[in-house]
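One-letter residues, chain by chain:
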Amino acid sequence: MSTIDLIPQVSSLAMLNCTTDVDASLLHRCAETLLELTIGISKAKTFFYDANGNVVVYPYLQVLTLAEAASCFSVERASAPNIVPLPSLKKLTIRNTYPFDDNVVFRGNSATLRHLDISLDRDTVYVLNKTRALDTRYKNLIVRISKSYQSDELALVSDADMNGFIRDFVRASQMLRLTKWTPVDRFVAVAPPIHGFTCLKVLEVRFISMAFLDVLRLLKVLPNLVKIGCGIDRLGPELQDIATEDLPDHVASMYGKAGKNLQVIALVWVREMTYSVAPEYAMLMALVCPKLRRIELALKNISDF
């Protein structure tokens, strides 16, 4: 009997640098009992194959965090076997890099997966966009997207790849959070083609300033939004030259009831926004939101949705 066999098959395991055979053996021993797993892997095959080449499945795993491995800069991506390895997955967190070359962690769990927290780098965008990991099978996901600390190269991602990636998230999401993430302009630009996507009910944009005009555009193409949280620091090019006293009539006539289902507006403080202008933006938005019942102004953090 090996030392590994003496270790109990636990329900929760954290391995921030799964690189040795011993690490892998412990992971595989507990595969059938794990409910929660935090793991950093540099070799993707380690997750799905044991030392004898047998396929490993995690039948009861509900919470998976793919953490940053110490050797994350040299991840050996690999396609997984044609299996459903995570049929019970409820929450998936991807930190800094997606270690697989296909959509394996999204297979067969569209009925259970509800929370997705992902940090983007260029390879992650490419792989998930290529494999269409999120498609119409997913409904009512709660999604948080942030930018990986090493992802300055996101600027190199093609517009087509990024737009396709964003569209898939909007199709699948009930709640979408963009946190410390810069391509908000791309999100707004891709809005017209997503008209009619009815899942998204909550949109939160943290620590990023937006133009009031862009917020109106998003409301118009995401008709079932119930709550929006963002920082607004300017009117936008089409509104900035309109006299202040004429703005209400212009906004009402051009955007009508764009936010026809919106109930909550949370205007979060951003560096460029002064508290004094927050009520003005809120009042203008109220003109196109007939069901509005709550306004939150100039907060450092958006309240829980």
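Preceding this section is the structure that the text describes.
The sections below set out a description of the structure shown in this document. (Residues numbered from 1 in each chain as written. Predicted model: local features only at pLDDT ≥ 70, side-chain atom pairs only at ≥ 80, totals over all residues. Heavy atoms only, no water.)

Description of the overall build of the protein chain
Of the regular secondary structure elements, the protein chain holds eight helices and 11 strands. Burial statistics for the protein chain: of 305 residues in total, 50% are counted as buried. Nonlocal contacts in the protein chain, meaning residues at least 24 apart in sequence, comprise 74% of its contacts between residues at least 6 apart. Split by element, the accessible area of the protein chain, about 14100 Å² in all, is 51% carbon and sulfur. (Helix = DSSP H or I, 4+ residues; strand = E, 2+ residues; numbered from the N terminus. Buried < 20%, exposed > 50% of the residue type's maximum accessible area, 1.4 Å probe, protein only. Contact = heavy atoms within 4.5 Å. Areas by Shrake-Rupley, 256 points an atom, 1.4 Å probe, with all protein chains shown as cover.)

A few points about the pairing of strand β4 (residues 91-94)
In this sheet, β4 lies alongside strand β3 (residues 63-66) in parallel orientation, the contact comprising four bridges. Following the sheet pairing, Thr65 is matched in β4 by Thr93. The pairing of β4 with strand β5 (residues 115-120) spans four bridges and is classified as parallel. Bridge pairing links Thr93 to Asp117 in β5. (Pairing = 2+ DSSP bridges.)

Some details on the pairing of β3
Two faces belong to every sheet, and in a regular strand the side chains alternate between them. Sheet topology places strand β2 (residues 36-41) next to β3; four bridges connect them, and they run parallel. Residue Thr38 lies in a different strand from β3, and its bridge partner there is Thr65.

Quick notes on the environment of Leu92
Mapped onto the secondary structure, Leu92 falls in strand β4. C-alpha separation for the pair Leu92 and His115, spaced 23 residues apart in sequence, amounts to 6.3 Å. Those residues in contact with Leu92 that lie beyond four places of it in its chain are Leu64, Leu66, Val105, Phe106, Leu113, His115, Leu116 and Asp117.

Topic: the nonpolar core
By size, the foremost hydrophobic cluster in this structure holds 81 residues, and its most contacted members are Leu64 and Phe106. The element best represented in this core is helix α6 (residues 212-221), accounting for seven residues. When sequence neighbours within four positions are dropped, the list of residues in contact with Phe106 reads Leu92, Tyr98, Leu113, Leu116, Leu128, Ala133, Leu134 and Tyr138. (Core = buried A, V, L, I, M, F, W, Y, C linked by side-chain atoms within 4.5 Å.)

Considerations on the side chain of His28
Considering the arrangement of structural elements, one finds His28 in helix α1 (residues 21-29). Owing to a relative accessible area of 17%, His28 belongs among the buried residues under this scheme. Looking at His28, its side chain comes within polar contact range of the main-chain oxygen of Thr46, at 2.7 Å. Not counting chain neighbours up to four residues away, the residues in contact with His28 comprise Thr46, Phe47, Tyr49, Asp50, Val56 and Tyr58. (Polar contact = N/O pair within 3.5 Å; in protein donor to acceptor, adjacent residues only side chain to side chain.)

Things to note about unusual backbone geometry
A positive phi angle, near 50°, is found at Arg132, a position not held by glycine. Mapped onto the fold, Arg132 is located in the loop between α3 (122-131) and β6 (141-147). By relative accessible area, which is 42% here, Arg132 ends up partly exposed.

Regarding the packing of aromatic side chains
Evaluation of the coordinates by the stated rule reveals six aromatic pairs. For the ring pair Phe48 and Phe100, a centre distance of 5.2 Å and an interplane angle of 50° mean the geometry is tilted. You can see Phe48 sitting in helix α2 (residues 45-48) and its partner Phe100 sitting in the loop between β4 and β5, a full 52 residues away along the chain. Accessibility classification places Phe48 together with Phe100 in one group, the buried group. (Phe/Tyr/Trp six-rings, centres within 6.5 Å; stacked < 30°, edge-to-face > 60°.)

Notes on α6
Counting buried residues in α6 gives eight out of 10 residues, a clear majority hidden from the surface. By the burial criterion, the buried members of α6 are Phe212, Leu213, Asp214, Val215, Leu216, Leu218, Leu219 and Val221.

Notes on the packing of α6 against helix α7 (residues 247-255)
Relative placement of two packed helices is described by the angle separating their axes and the distance separating the axes. One can describe the packing of α6 onto α7 by two numbers: an axis separation of 11 Å at closest approach and a directional angle of 30°. Taken together, α6 and α7 sit at an angle that is classed as roughly parallel. Viewed along their axes, α6 and α7 form a crossing whose handedness is right-handed. Listed contacts from α7 to Phe212, Leu213, Leu216, Arg217 and Lys220 of α6 are Val251, Met254 and Tyr255. Among the residues forming the contact of α6 with α7, the class breakdown is six nonpolar, no polar and two charged. (Axes fitted to C-alpha atoms, helices over the stretch in contact; angles between N-to-C directions. Parallel < 35°, antiparallel > 145°, perpendicular 65-115°, else oblique. Left-handed = near helix turned anticlockwise from the far one by under 90°. Nonpolar A, V, L, I, M, F, W, Y, C, P; charged D, E, K, R; others polar.)

A closer look at the packing of α6 against helix α8 (residues 278-286)
One way to put it is that α6 packs onto α8 with a least axis distance of 11 Å and a crossing angle of 30°. It follows from the interaxial angle that α6 and α8 lie roughly parallel. Crossing geometry of α6 relative to α8 is assigned as right-handed. When α6 is examined against α8, the residues Phe212, Val215 and Leu219 are found in contact with a partner set consisting of Tyr281, Leu284 and Met285.

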